[in-house]
Amino acid sequence: YFIDNEDYFQRKAVLSNKEGTFFKDNDERSIFFCRGVLETVKKLGWAPDIIHCHGWFTSLMPLYLKKYYHDDPHFSDAKVVFSAYSRDFEGTLDKKLADKLKFDGFEDEDIKELAGNPVDFENLTKFAFRYADGLIEASDDLPESIAKEIKDSDKPSLEYCDPANCVKTYSDFYDEILEEQSVLAD
């Protein structure tokens, strides 16, 4: 399935123009993508056990799952795993991102890390950690502050493993999260 929108995704480039300038609406594109994925899952009648988010573009997905969709039966038992990658972009997203999230009904407390702080790659990634149930080091060259945040977290985490050899490692990690969160029965 593909999430599409003529205004947000009908461009020749994904996140920046050919000169490398970051699109000013990437924050709105991320919101649209995260909401679009979750609404599609609902429409299809799926009730996922694990939702695995990859990278900063999905960093708002854990927030939406834990706060906006928390009472929805499709997602009430879903656990969120967030994979952090090495620096994906330089600069910041729109400083009004917190205000845009408030439009969806989020409270100041829900998004306090995004209000008044630069909405950069590291802050978005750390923000995703707050609402995720499990964390994965998906790059062997994570920024030091992100790697430290994962190591200092009390959430289940997985150190970097070579993608060619980590199918079983990921599967075991998913089972650990589901067992820890009482989703899997003994």
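Everything in this summary refers to the structure shown in the same document. Computed from a prediction, not measured in an experiment: that's the story for all the values here. (Residues numbered from 1 in each chain as written. Predicted model: local features only at pLDDT ≥ 70, side-chain atom pairs only at ≥ 80, totals over all residues. Heavy atoms only, no water.)

Overview of the overall build of the chain
Within the chain one finds seven helices and four strands. Of the regular secondary structure in the chain, the N- to C-terminal order runs α-α-β-α-β-α-α-β-α-β-α. Of all 186 residues assigned to the chain, the portion counted as buried reaches 42%. Sequence separation of at least 24 residues holds for 65% of the intrachain contacts in the chain that already meet a minimum separation of 6. Here the chain displays about 10600 Å² of accessible surface, and carbon together with sulfur accounts for 48% of that area. (Helix = DSSP H or I, 4+ residues; strand = E, 2+ residues; numbered from the N terminus. Buried < 20%, exposed > 50% of the residue type's maximum accessible area, 1.4 Å probe, protein only. Contact = heavy atoms within 4.5 Å. Areas by Shrake-Rupley, 256 points an atom, 1.4 Å probe, with all protein chains shown as cover.)

With respect to the layout of surface pockets
In this structure, the largest pocket encloses a volume near 200 Å³. Forming the boundary of the largest pocket are Phe 33, Val 37, Val 41, Trp 46, Pro 48, Ile 51, His 52, Cys 53, His 54, Thr 58 and Met 61. Looking at the lining of the largest pocket, the elements with two or more residues in it are α2 (26–44) and β1 (50–54). Examining the composition of the lining of the largest pocket, we find that four residues originate from one element, β1, more than from any other. Of the residues assigned to the lining of the largest pocket, the class counts are eight nonpolar, three polar and no charged. (1 Å grid on protein atoms, 1.4 Å probe; cavity = no way out; pocket = protein on both sides within 12 Å on 5 of 7 lines; lining within 4 Å. Points joined across faces, edges and corners; volume = space filled by probe spheres on them. Nonpolar A, V, L, I, M, F, W, Y, C, P; charged D, E, K, R; others polar.)

Quick notes on the pairing of strand β3 (residues 134–137)
Both faces of β3 are covered, namely the face carrying Gly 134 and Ile 136 and the face carrying Leu 135 and Glu 137. When strand β2 (residues 79–84) meets β3, the two strands line up parallel, connected through four bridges. The residue of β3 that forms the bridge with Phe 82 is Leu 135. Bridge count for β3 against strand β4 (residues 157–158) is two bridges, and the pairing is parallel. Note on β4: the bridge partner recorded for Ile 136 is Leu 158. Handedness of the crossover joining β3 and β4 through helix α6 (residues 144–152) is recorded here as right-handed. (Pairing = 2+ DSSP bridges. Right-handed = clockwise from strand over helix to strand, strands pointing away.)

What to know about the state of the cysteines
Counted according to the given criterion, the structure contains zero disulfides. As a non-bridged cysteine, Cys 34 has Cys 53 as the owner of its nearest cysteine sulfur, 6.9 Å distant. (Disulfide = S-S within 2.5 Å.)

Quick word on the pattern of salt bridges
In this structure the tally under the stated criterion is 14 salt bridges. Its salt-bridge partner being Asp 133, residue Lys 66 comes within 2.8 Å of it at the nearest N-O pair. On the criterion of sequence distance, the pair formed by Lys 66 in helix α3 (residues 61–68) and Asp 133 in the loop between α5 (121–131) and β3 is long-range, its members being 67 residues apart. Residue Lys 66 is classed as partly exposed on the basis of its relative accessible area of 25%. If you follow the salt bridges from partner to partner, you end up with Asp 27, Glu 28, Asp 94 and Lys 100 in one network. (Salt bridge = Lys/Arg side-chain N within 4 Å of Asp/Glu carboxyl O.)

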